[in-house]
Structure formats: C-alpha cells, structure tokens
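An overview of the molecular structure
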Amino acid sequence: MANKVTIYIENKPYQVDEGLTILEAAKTVGFYIPSLCNWRNHDCSLASCRVCLVKVEGERRLIPSCAYNVREGLHISINDPDAVAARRTSVELLLSNHSMNCQACRKNGVCELLDVSRQVGARPDQYHGAKTPTTLDEVAPGIVRDTSKCILCGRCVEACKKTQGIGILGFQNRGFNTIVGPTENRSFNNVPCIQCGQCTLVCPTGALMEHNNIPELDEAKREGKIILAFAAPAVRASIGEEFGQKIGTNSTGKLAAAMRRVGFDKVFDMNFSADLTIMEEANEFVRRFSQHAPSPMITSCSPGWINYIELNYPELLPHVSTCKSPQQMFGAILKSYYAEKNGLDRSKIFVVSIIPCTAKKYECQRPEMQVDGVRDVDLALTTRELAQLIRRSGINWNRLPNEDFDRDIIGDNTGAGVIFGVTGGVMEAAVRTAYHILTGKEMEPVDFTPVRGLENVKEAVADIAGTKVRLAVTSGMVNAKKLLDEIKAGNVKYDFIEIMGCPGGCINGGGQPYVFPPMLPNEDPDIWETYREKRAAVLYEEDRNKPLRRSHQNPDIQKLYKDYLGIPGSPLAEKLLHTTYNTKREQYPDVTPETKPVTK
Ligand code: SF4
Ligand code: SF4
Ligand code: SF4
Ligand code: FES
C-alpha cells in the first residue's frame, strides 16, 4: 500500500497515493487533465505536448502535470485561467502544423487530438504558417504512416521500444523539420518492423494506422466473386466496443449477423481452423517429442512473432512449428476441400479474414502462403475495419439479432479453438489434444490453468501419463527476447513454447478497437490496466459454455480428415496446411524507389 498525501485541487483537500504524478493523482480523485504525449501513465519523459499544464502554488511557471509528482500539501489549480489558456494554446499550435483533413480521416470519431481540442476549446485556425514537409508511407501491407497528422508525441516510439523491444521508430531531423518514423525516413517495409501494429494502438491521431484494404473488398464484389469470410476468436471479444458496448462484452451472435449483413456470401467462425491447427500442431509436437527432435518446439500462429524470429533469431527457426496459422489454414481449406465439395470454381472464391491483427495483412500476402499458385487468403481486415464496414452498411448494431455462423461441411468448432485469442490459449488447446493422442483418453479436468493469465512468462509442466512435458508461454516481443536469450544460453529447458506477438495475445492485437479512457466515460478510470483481462474473460467463458472443448472432438474436423486429408501430417495436409519460414536478417539493405515513402 502506498503512503497517502493530502493535495488540494481548487483548494479542496484530497487524499492520493504518494509517488503519483499530478495527472495520475487527479484522475484517481475524479479529475481529468487533458494529455496527449502521456500514455497509459507511462513515464512521460518528453513532456512534449504541454497539453497537461496546471498551476501549482509556489511555482513561477505553469507545470506539465504528467511530469511532476504530488507531495504533501501541494495546491493545484486545473481551472486557473492562465492554465486553461495555455492548454488551449498548446493544442492550437499542434493544430497549426496538422493536415486537418478530418472529414477524410479514418481516425475521425476516435481521434484523441480532436477530443482534447474539444475539451480545451481549441480553434484550428488560430495560428498560420509553413507546415513541416510530410511523408506518406503506404508501402507496407500492415501499417500506414502519414506524418501530416503526427503531433510528435512520441508514444509510438515508446510502444515500439518498450512494449515490443524493437525500437525502429524515433525522432528524425531537428527543429521545424522534426518527424517521427523509421531511420532515414524509410518505409516500414525497409526496416525490421514486424507489422504488429502496437504503435497504431497508442497513436492519438491518424498518423499511424492499419492499411485500409476495404477498397479491395469492394473491387472483389464488383467482379462478382464469391466472398467467403471468417472471423478470428478475439474479434468477438472486442467488436462491440466499436458500438459503445462495455469492454468485456461477448458479441459472437451479433458478429455473425453483422458479417452476413455487410454482404459476405458465407460467414464462418475461425475457431474451426484453430481446431484444425491444433490437430496438426499437437500431432507435430507429439511426433517431435517422441523422436527426441531438438526441443523446444515453438508455435507459429502469430505472424508478428514469425516476423520477429525471422528477423532476429533465424538460427532458432528449426524449432518453429511448420503449421500455418489458423487464418491461412482456413483459406487453404476453403479453396480446396470446401470448393471441391460444393462444386465451386476456386478462381471465383475470394477469402476474407476478419482479424484483430495488422501482421496478418502481411502474412496473407507472403509468397509462402499459397497452394499451386493460389493465395490462401485474399484479404485480411482488422476488427476496426469491420466496424467501419458495418457503419457504412447502415447497420444498427444495437438492433442486430444474435445469429450463428454458417455450418456447411465446415464451421463447427470447440472451446479449444476460441481460447486461441488469448495468450496461453494455443498451449492449453494443444495440451488437451496432445493428452488424447498420447493416452487415448480425455484430459480431466479439461481446463489447464497454469498457462492462463497475463504474466510476462508462464511456466508449467504437463503430466501426460507419467511423462513430464515442460511448457512455457509468453507474449510481446520484449518477453519473447528474454525467453529466447535464456534458451540460447542454455539456462532453461522446455519441450514446447507458445509465443504471441502482441502483449496478452490477439485480444490486444494491433487491429483491435482503441482503448482511450477519456473517450470511454462508461468504463472504469483504470480500464488501461484491465481491458485485456476483460476481453480474455469473454473467450474463457465461451470455452466453458461450449458442448465440445477439445479440438479432436470437432465433428467437422473429424470428417475433414476422414473424407479428405487422411491423417494429420499426411502429404495433403502438409501441402495445404504447413509451410516454411526463412531468415529475413539481410533483407533490408537499401531503399529502392518502389519502397520509398512519398515525401511532399
Ligand atoms: S488525426 Fe484527428 S485531427 Fe487529424 S485529420 Fe484525423 S481526425 Fe482530424
Ligand atoms: S508495427 Fe510493431 S514493430 Fe512496427 S513500428 Fe509499430 S510497434 Fe514497431
Ligand atoms: S505517429 Fe502518432 S504516436 Fe507517433 S509521434 Fe506521431 S502522433 Fe505520436
Ligand atoms: S501530457 Fe504532459 S506534456 Fe504531454
């Protein structure tokens, strides 16, 4: 328990925790001080935006509240007229160097800069002058950067460096010409960016966003393609937030209904292919484990993680499972088994995945992710993009009924599939099925809780008929790096490891709805600390309520193997469902005209 101190806001006393900044302390007692460069109460070392200025008794100047700690007896005024005017001026100066094309900006509606502008009463035309030359980088499949909307807050720099340990973003140039971006103002395609999108989650403006792929969907519709879509597990745990529902609402039924109403010809639950992934991955693990292949085996379903290992630890690639991700497996099955059984022309099928992830946009374009020259998945749209589609289709989310996803020789799914969306879920699902493969019996109880939770690294031992299997689970690349370094140094020994690219797994993927507490008045003030748990709880509850909770019990998966694939790891399964990964360490030597962002 932290010690308490008494502070005074507008001369009224409040007890707050010692050690907090004024910004944090004010929040705990019900005051909101606008802020832009401060992010999740992280160390705001730059204090660059000056939007959080307050008056503090005894100080000659106004104080940035994000960078000043409370102490006993401190008198603070948020409503001091000079502080109010200074905050407004700070925002107006930001707006004076901003593109202000809000009508066309996809961030409009969830833009923190606009929200703060409204709070402080900023006038966009107050200051005029030259604007910093801007860069538009639309080259990378996952992420788009538009510096005309950047306010130099530095949050993305912190996220890339501290959350992901990657650090490819930084401040470039000086003074008026300062911009934020990769070194030499390169495109994301020309630097070791893993396309995880964690920077887009913290950007307060439209300067960093996912690549907008909706125009390609429109083009496929114009061409009369048969559009088969599926939604990843984590999407149901967050899409409702886009329409004002509380964080932690399960939207599975509305999600299926909405996807149908935006015009997809068939809508499936990606839990189906998560079950399929487990069939292949658990069997691969059992095979490697029994043959004493080099351990550990590492999961491969997170494309951000795959990008990371290809770039940073290529020597460990032989440890990575050869399974494609559930996204790619679903596409491959739709364009083979599903097309053949339904008499569909494969060239007319257009597969769309709805995903919480920006790296999956990159993954579906990888040359490895095709069968006989046909791409598994044609388009990946984030949760945020699906919400945009729903809005433009005129759908009233609140009035949507709960509907089931399609079941059409494929589609049935189990509780094991749905927990793929949270860190530890793939491992738990794999343990449930590996137990069955090794013993012929069902694991009881079905829950394997040691791998649940949001700790940085979770370790567990699964006792499978007397055989001890050593497991580890981690997410976020800072944690993955520590684990991999320990493995390389020989300090730890595991048999099977799950790694997900984003901290907490897909529930916190780079394509998920933004969580900006000031714009979420119905949420708890500490929602930054709890939103991942709330989304995870949705998935665990859905798992608990499923009649079948083990991937190998899925009747459509059993039929798929019986009628088509044979057994896990069969030649046909290898062709459709497995792939290879390769080093990318030397892939970014030069910037070419094709990969250079546009500067104007
Ligand atoms: S980032 Fe915000 S302020 Fe800037 S153009 Fe987009 S909506 Fe407008
Ligand atoms: S997408 Fe990920 S790796 Fe790339 S810049 Fe953003 S946070 Fe860094
Ligand atoms: S890109 Fe976004 S997060 Fe990064 S400095 Fe600019 S406004 Fe801030
Ligand atoms: S939030 Fe305090 S200076 Fe930006």
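A quick note: this is a predicted structure, and the numbers were derived from the prediction, not measured.

1. A closer look at the pattern of salt bridges
In the structure shown here, the tally under the stated rule is 48 salt bridges. The salt bridge partner of Arg535 is Glu241, with a shortest N-O separation of 2.7 Å. Of the two residues, Arg535 is situated in helix α16 (residues 527-545) and Glu241 in the loop between β11 (226-231) and α7 (252-261); the sequence distance between them amounts to 294 residues. The class of Arg535 is buried, set by a relative accessible area of 0%. A salt bridge links Arg366 to Glu310, with the shortest nitrogen-to-oxygen separation between them at 2.8 Å. Taken together, the residues Arg366 in the loop between α11 (359-363) and β15 (370-371) and Glu310 in helix α9 (residues 303-312) connect sequence positions 56 residues apart.

2. Considering the site of ligand 1
Around ligand 1, the structure places His98, Asn101, Cys102, Cys105, Asn108, Cys111, Leu114, Thr205 and Gly206. Among the residues forming the shell around ligand 1, the class breakdown is four nonpolar, five polar and no charged.

3. Some thoughts on the site of ligand 3
All residues in the neighbourhood of ligand 3 are listed as Cys150, Ile151, Leu152, Cys153, Gly154, Cys156, Val180, Cys203, Pro204, Thr205, Ala207 and Leu208. Residues that form the shell around ligand 3 fall into these classes: 10 nonpolar, two polar and no charged.

4. Overview of the sheet that holds β11
One open sheet holds the four strands; their spatial order is β12-β11-β14-β17, and the pairing between them is parallel. Across the chains shown, the open sheet's two edge strands, defined by having one partner strand only, are β12 (266-269) and β17 (379-382). For this sheet the average axis-to-axis angle between neighbouring strands, irrespective of direction, equals 25°. With respect to the sheet, α7 is in contact with β11, β12 and β14 (349-355), its orientation differing from that of β11 by roughly 160°. Lying on the sheet, helix α12 (residues 383-392) is in contact with β14 and β17; it crosses β17 at an angle near 85°.

5. Remarks on unusual backbone geometry
Omega for the bond connecting Ser295 with Pro296 falls within 30 degrees of zero, at 0°, which places this linkage in the cis form. Position of Pro296 among the secondary structure elements: in the loop between α8 (271-290) and β13 (297-298). Each neighbour pair has its own omega, and for Glu444 with Pro445 the value is -10°, a cis peptide bond. Topologically, Pro445 is positioned in the loop between α14 (425-439) and β18 (457-464).

6. Observations concerning the packing of α8 against helix α10 (residues 326-341)
Closest axis-to-axis distance for the α8/α10 pair is 8 Å, and the angle between their directions is 100°. Here α10 runs roughly perpendicular to α8, going by the angle between their axes. Between α8 and α10, the contacting residues are Phe272, Ser273, Ala274, Leu276, Thr277 and Glu280 on the first element and Pro326, Met329, Phe330 and Ile333 on the second. Taken together, the residues of the contact of α8 with α10 sort by class into seven nonpolar, two polar and one charged.

7. Quick notes on the domain arrangement of the protein chain
Domains assigned within the protein chain are domain 1 (4-94), domain 2 (97-207) and domain 3 (225-577). Between domain 2 and domain 3, the C-alpha centre-to-centre distance is 30 Å. Each partner contributes residues to the interface: domain 2 has 28 residues there, and domain 3 has 25 residues. Roughly 2,000 Å² is buried in total at the junction of domain 2 and domain 3, and carbon and sulfur atoms are behind 63% of that figure. It is Pro141, Ile194 and Leu201 in domain 2 that bury the most area against domain 3; as a group they hold 29% of the surface buried on that side. Along the contact surface separating domain 2 from domain 3 lie zero salt bridges.

8. A closer look at the packing of aromatic side chains
Any two aromatic rings considered together are summarised by their centre-to-centre distance and by the angle between their planes. Under the definition given, this model contains 12 aromatic pairs. Look at Phe285 and Phe289: their rings are 5.3 Å apart centre to centre, the planes differ by 25°, and that puts the pair in the stacked class. Placement of the pair is Phe285 and Phe289 together in helix α8, with a separation of four residues, close to one helical turn. The class for Phe285 is buried, based on a relative accessible area of 4%. Judged by its relative accessible area of 22%, Phe289 is partly exposed. Note that Lys107 overlies the ring of Tyr514, its terminal NZ or CZ placed 4.0 Å from the centroid.

9. Overview of the pairing of strand β2 (residues 12-17)
As judged from the six bridges shared by strand β1 (residues 4-9) and β2, these two strands associate in the antiparallel manner. Following the sheet pairing, Thr6 is matched in β2 by Gln15.

10. Focus: the nonpolar core
Formed by 65 residues in total, the largest nonpolar core has its most connected members in Met259, Phe264 and Val352. With eight residues, α10 is the single largest residue contributor to this core. Discounting chain neighbours no more than four positions away, the residues touching Phe264 are Leu217, Ile227, Ala229, Met259, Val352, Ile354, Leu386 and Leu389. If you look at the next biggest cluster of nonpolar residues, it comprises 26 residues, including Met443, Val469, Leu471 and Val473.

Thresholds, definitions, all that
Residues numbered from 1 in each chain as written. Chains lettered and ligands numbered in written order. Predicted model: local features only at pLDDT ≥ 70, side-chain atom pairs only at ≥ 80, totals over all residues. Heavy atoms only, no water. Salt bridge = Lys/Arg side-chain N within 4 Å of Asp/Glu carboxyl O. Helix = DSSP H or I, 4+ residues; strand = E, 2+ residues; numbered from the N terminus. Buried < 20%, exposed > 50% of the residue type's maximum accessible area, 1.4 Å probe, protein only. Near = heavy atom within 4 Å. Nonpolar A, V, L, I, M, F, W, Y, C, P; charged D, E, K, R; others polar. Pairing = 2+ DSSP bridges. Axes fitted to C-alpha atoms, helices over the stretch in contact; angles between N-to-C directions. Contact = heavy atoms within 4.5 Å. Parallel < 35°, antiparallel > 145°, perpendicular 65-115°, else oblique. Domains from an automatic or database assignment. Buried area = accessible area lost by both parts, 1.4 Å probe. Phe/Tyr/Trp six-rings, centres within 6.5 Å; stacked < 30°, edge-to-face > 60°. Lys NZ or Arg CZ within 6 Å of the ring centre and 35° of its normal. Core = buried A, V, L, I, M, F, W, Y, C linked by side-chain atoms within 4.5 Å.

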